[in-house]
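# Remarks on the overall topology
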Amino acid sequence: MTDRNDDLFSAARAVIPGGVNSPVRAYGSVGGTPRFLASAKGARVTDAAGREYVDLVASWGPALLGHAHPEIVAAVQEAATRGLSFGAPTEGEVELAAVIADRVRFGEVRPVERVRLVSTGTEATMTAIRLARGATGRDLLVKFAGHYHGHSDGLLAAAGSGVATLALPGSAGVPAPIAAQTLVIDYNDAAALEAVFVEHGRRIAAVIVEASAANMGVVAPLPGFNRLIAETAHAHGALMILDEVLTGFRVHPAGFWGLQAEAGEDYVPDIITFGKVVGGGMPLAALGGRAEIMDLLAPLGPVYQAGTLSGNPLSVAAGLATLRLATPEVYATVDAASVRLADALDSALTDAGVTHAVAKAGNLFNAAFRATAPRDYTEAQAQESFRYAPFFHSMREQGVALPPSVFEAWFLTAAHGEEELSLIEAALPAAAAAAAAALPASASA
């Protein structure tokens, strides 16, 4: 017997490629029918069949305060009464840019002096790369295997997230000359970073790096590695692009850069990209950096970027409300819940005898089915990932929604209270037992 989710997925596959508008939603690595969500409130989501779940996806990060926060909804509704889009400057754009620039600081250090608003994280990173090339007059880009920076040409080589989940060819549809402009090296590998600059240093425009990798599972930078990237790039006349589309304003009021600065890691990226939380769940992203670099963007400079819906007033209203409500108390709440659930996850898998490590970066975490937390893409792939699907489905059957891929971070919100946290903790032992009983596909065939 089918339910409403099955019916919707069947109808979707008839008109949408794969039945989804973003690949990881298809449940390709866990199997089964995707849940079509009908509504969300606080820490919970409800699917098309009326089943409610405690949510650990949080719209892949943006719902820092919880779903449908009343003040954010009210801000969007009020903005909508004035018009959905103007294609002209608005006061809200100025306010949001100023809030972003003001939050990304530590003491007297302020990496963001100018901000350009765009609509998606892919657009933010694409523009950042174009800007770096325009600023340096160079073509080559260095990225790290397993890091995901959106789906623009040249960035999908050895990417994480949906690409890792589906094992797609990294450069399908990308002309070879474009792919050749991207140099992919191992993450957290100081020797590889030095070697690529020794060989190509005069031609490298920038190094792009996730502030903390979170699209091949959570893989934190080793102590000093982000600083080393900045120092190495600058020594060769290149720029550092810090991709905080996922981590920006989620793990700290100033993003992962602020978290590291607070811990004493002193480096200053040249361009930072933001997304997800910065738009409060609406389509909005941004890039920011020093004035001398950012002012190379049109209309002041020769680097062209444009977008009819850039700085959309509804998205700006959601972003402003979210950032103003994202107080230190909110981060303390999410951090404490993250520690509690990461410990519960570790205990449940340990008690079930499952080889694992709980990988963490700020308040982001997930389970890696290997003895030690991964340090790079090769190690992230070298895990018993077949254990995740039964774990995922057991949690779902018990009313907890997890990301449908072992290569994704788990996201908590400030709306996860005692009732939700207890429900998650209660579901973990059975899910861990399901993971322990799992067999590789070859063994179960």
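Here is what the cut-offs are and how they apply
Residues numbered from 1 in each chain as written. Predicted model: local features only at pLDDT ≥ 70, side-chain atom pairs only at ≥ 80, totals over all residues. Heavy atoms only, no water. Helix = DSSP H or I, 4+ residues; strand = E, 2+ residues; numbered from the N terminus. Buried < 20%, exposed > 50% of the residue type's maximum accessible area, 1.4 Å probe, protein only. Contact = heavy atoms within 4.5 Å. Expected span 1.5 Å × (residues − 1). Pairing = 2+ DSSP bridges. Axes fitted to C-alpha atoms, helices over the stretch in contact; angles between N-to-C directions. pLDDT = per-residue confidence, 0-100. Left-handed = near helix turned anticlockwise from the far one by under 90°. Nonpolar A, V, L, I, M, F, W, Y, C, P; charged D, E, K, R; others polar.

This part is about the side chain of His 200. Locating His 200 in the fold gives a position in helix H7 (residues 190-200). Exposure remark for His 200: the relative accessible area of 19% places this residue in the buried category. What His 200 contacts, discounting residues up to four positions off in sequence, is Leu 140 and Leu 183.

Let's shift gears to helix H12 (residues 328-351). Its 24 residues give H12 an end-to-end C-alpha distance of 35 Å, which sits within 8% of 34 Å, the value for a rise of 1.5 Å per residue. For H12, the full list of buried residues reads Val 330, Tyr 331, Val 334, Ala 337, Ser 338, Leu 341, Ala 342, Ala 344, Leu 345, Ala 348 and Leu 349. On the buried face of H12, the contacting elements are helix H3 (91-103), helix H11 (313-325), strand E11 (357-361), strand E12 (364-368), helix H14 (388-397) and helix H15 (418-437). Two residues or fewer after H12 comes Gly 353, characterised by a positive phi angle close to 75°.

With that out of the way, let us pick up the sheet that holds strand E6 (residues 182-185). As summarised here, the arrangement of the seven strands in space is E4-E10-E9-E8-E7-E5-E6, forming an open sheet in which the pairing is mixed. Strands with a single pairing partner mark the edges of an open sheet, and in this sheet they are strand E4 (114-118) and E6. Here the strands of the sheet are splayed against their neighbours by 20° on average, with no regard to which way each runs. When E4 meets strand E10 (residues 285-289), the two strands line up antiparallel, connected through five bridges. Note on E10: the bridge partner recorded for Leu 117 is Ala 286. Helix-sheet contacts for H7 involve strand E5 (140-144), E6 and strand E7 (204-210), and the interaxial angle to E6 is about 150°.

A few words on the confidence of the model for the protein. Model confidence for the protein is summarised by a mean pLDDT of 94, while 95% of its residues fall at 70 or above. Contacts of residues 163-169 to residues separated by more than four positions or lying in other chains number 10 contacts, the stretch itself having pLDDT below 50.

With zero of five residues buried, strand E1 (residues 37-41) lies mostly on the surface of the structure. Here E1 pairs with strand E2 (residues 44-47) via four bridges, running antiparallel. Looking at E2, one finds that Ser 39 is bridged to Thr 46. Linking E1 to E2, which pair antiparallel, is a turn of two residues; within it Gly 42 sits at a positive phi near 65°.

Reading across from one edge, E1-E2-E3-E13 is the order of the four strands in this open sheet, with mixed pairing throughout. Pairing within the sheet leaves two strands with one partner each, and these edge strands are E1 and strand E13 (400-401).

In contact at an axis separation of 9 Å, H3 and H11 are set at 35° when each is read in the N-to-C sense. Along this stretch, H3 crosses H11, giving a crossing that reads as left-handed. Between H3, through Gly 92, Glu 93, Glu 95, Leu 96, Val 99, Ile 100 and Arg 103, and H11, the contact on the second element is made entirely by Val 316, Gly 319, Leu 320, Leu 323 and Arg 324. Grouping the amino acids of the contact of H3 with H11 by side-chain chemistry returns six nonpolar, two polar and four charged.

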